[in-house]
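Each chain, letter by letter, is given below.
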Amino acid sequence: MEKVVKIMEKEEAEAEVEMWKYIFGFVEMAVVKCGIELGIADVIESHAGPITLSSLSSSLGCSPSGLYRIMRFLVNRRIFKEVATSQGDTGYQQTPLSRRLMTRSENGMAALLLLESSPVMLAPWHGLSARLLGKGNATFDAAHGQDVWGYAASHPAHSKLINDAMACDARMAVSAIVNGCPEVFDGVSTLVDVGGGDGTALRTLIKARPLIRGINFDLPHVVSSAPKCNGVEYASGDMFDTVPKADAAFLMWVLHDWGDEECIQILEKCRQAIPGDKGKVIIVEAVIQENEKEGDHNNLKDVGLMLDMVMMAHTTTGKERTLKEWDYVLKKAGFNRYTMKPIRAVKSVIEAYP
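These figures come from a predicted structure and were not determined experimentally. Along each chain, numbering runs from 1 in the same order as the chain's sequence is written. Given that the model is predicted, a residue must reach a pLDDT of at least 70 before its local features are reported, and side-chain atom pairs must reach 80 or more before they are shown or counted; all residues, however, enter totals for whole chains, interfaces and linings. Values reported for side chains reflect all heavy atoms of the structure, with hydrogen atoms and water molecules removed beforehand.

A. Representation of the packing of helix H15 (residues 260-273) against helix H17 (residues 323-332) within the structure. Under this scheme, a helix contributes an axis fitted over its contacting stretch, all axes are lines through C-alpha atoms, and angles between N-to-C directions fall in the 0 to 180 degree range. For the purposes of this entry, the term helix denotes a DSSP run of H or I that reaches at least four residues, the term strand denotes a run of E that reaches at least two, and both are numbered from the N terminus. For the pair H15 and H17, interaxial distance at closest approach is 8 Å and the crossing angle is 50°. The orientation of H15 relative to H17 falls into the category oblique. Of the two possible hands of crossing, H15 and H17 adopt the one that is right-handed. Contact residues: Asp260, Glu261, Cys263, Ile264, Leu267 and Glu268 in H15; Tyr328, Val329, Leu330 and Lys332 in H17. An angle counts as roughly parallel when it lies under 35 degrees, as roughly antiparallel when it exceeds 145, as roughly perpendicular when it falls between 65 and 115, and as oblique in every other case. Left-handed describes a crossing whose near helix is turned anticlockwise from the far helix by less than a right angle; the clockwise case is right-handed. Whether two residues are in contact is decided by their heavy atoms: any pair within 4.5 Å suffices.

B. Region of interest: the packing of aromatic side chains. Any two of the Phe, Tyr and Trp rings considered here, Trp counted by its six-membered ring, make a pair once their centres fall within 6.5 Å; the pair's planes then place it as stacked at under 30 degrees, edge-to-face at over 60, or tilted in between. One pass over the structure, following the stated rule, counts five aromatic pairs. With 5.9 Å between their ring centres and 85° between their planes, Phe140 and Tyr151 make a pair best called edge-to-face. Taken together, the residues span a long stretch of sequence, with Phe140 in helix H10 (residues 139-144) and Tyr151 in helix H11 (residues 148-154) at a distance of 11 residues. For every residue, the accessible area obtained with a 1.4 Å probe (protein chains only) is divided by the maximum for its type, and the residue is called buried under 20%, exposed over 50%, and partly exposed between those limits. Take Phe140: its relative accessible area is 0%, and that puts it in the buried class. Classification of Tyr151 by relative accessible area gives buried; the value is 12%. With a centroid separation of 4.9 Å and 80° between ring planes, the pair formed by Phe240 and Trp258 is classed as edge-to-face.

C. Representation of the domain arrangement of the protein chain. Per the annotation, domain bounds derive from an automatic or database assignment of domains. Along its sequence, the protein chain is carved into domain 1 (1-100) and domain 2 (109-353). Listed per partner, the contact involves six residues of domain 1 and 10 residues of domain 2. Where domain 1 abuts domain 2, roughly 670 Å² becomes buried across the two surfaces, and 76% of that area is made up of carbon and sulfur atoms. Every case where a carboxyl oxygen of Asp or Glu lies within 4 Å of a side-chain nitrogen of Lys or Arg is listed as a salt bridge. Between domain 1 and domain 2 we count zero salt bridges in total. Here a polar contact is taken to be a pair of N or O atoms separated by no more than 3.5 Å, where protein atoms must pair a possible hydrogen donor with a possible acceptor and residues adjacent in sequence count only if both atoms sit in side chains. If you look at where domain 1 meets domain 2, you find three residue pairs in polar contact (both at pLDDT 80 or more). Of the residues that constitute the side of domain 1 that touches domain 2, the class distribution is three nonpolar, no polar and three charged. Throughout, buried area stands for the accessible area (probe radius 1.4 Å) lost by two parts on being put together, summed over both. The residue classification treats Ala, Val, Leu, Ile, Met, Phe, Trp, Tyr, Cys and Pro as nonpolar and Asp, Glu, Lys and Arg as charged. All others, Gly included, are polar.

Written as structure tokens, this is what we have:
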């Protein structure tokens, strides 16, 4: 009995600590955002060796006392590291995690955090319960009077946040595909990136596979601001109406924005755009794992489930899907065969054939 009581007391103590983490869960995002906006990781990276608080605050142009408290928090979260300088003072050093916060890095993820932590994207979260109770419109619409795409079209600064975040993800995901399953692009001469944003995915791919001719296809206001690149043609339009013809259609983080009926419609347009005998659609999306064994813990599944909540807050019908749910939309859209390949990312690669 005494052992049971001790276990219960331990669980209660752990629950209290865990609850405090939820209460102040926003703090981590806010402080990391502050670090990105100040450019802390960029300054430390450019410094030869560990940098002292005095030098860091001078480089950033901010108060040493306030910066010390920010750095103490980030060091405690193992984002930065404290080490001794050659003079024996305490200095700050980068970690693999802090390098992800750099704004000028191929592997940086700062743009994703700046998007998701923006006031525009945070506001809809306050209406999540109202949406579930049927007391209003989709949460983004309720907060801003239009959906996320309409808002981006009429607010260029927010559109740039979205484009920068998608470009950040595209660099990582395409590199993961090229390194993890390059055979996906074998035999593909022309590739249309449907909803390709500013073209980062195609530019990254063509560096690795220069014989592919890319067509970056997105809404007019997105394509108009995209940087030009040899080997990439830009086309504007609506994927619900038509998709430019190519050997293969590429959709990355597009279908999760939409419900099943919209996904089927988009996929049907993609099927019409590719050759019936050798064409395929390459889908890069999260696949939520089911039927995990007891004791299994998949960190990428955690990210996938968080993304699903993001879809609930920021879209009207979007969601992350299980393989069974992907099977449903693919077959309804006329794709009779598909394969699924995991990559070193939260997303997987689905190759679908008519």
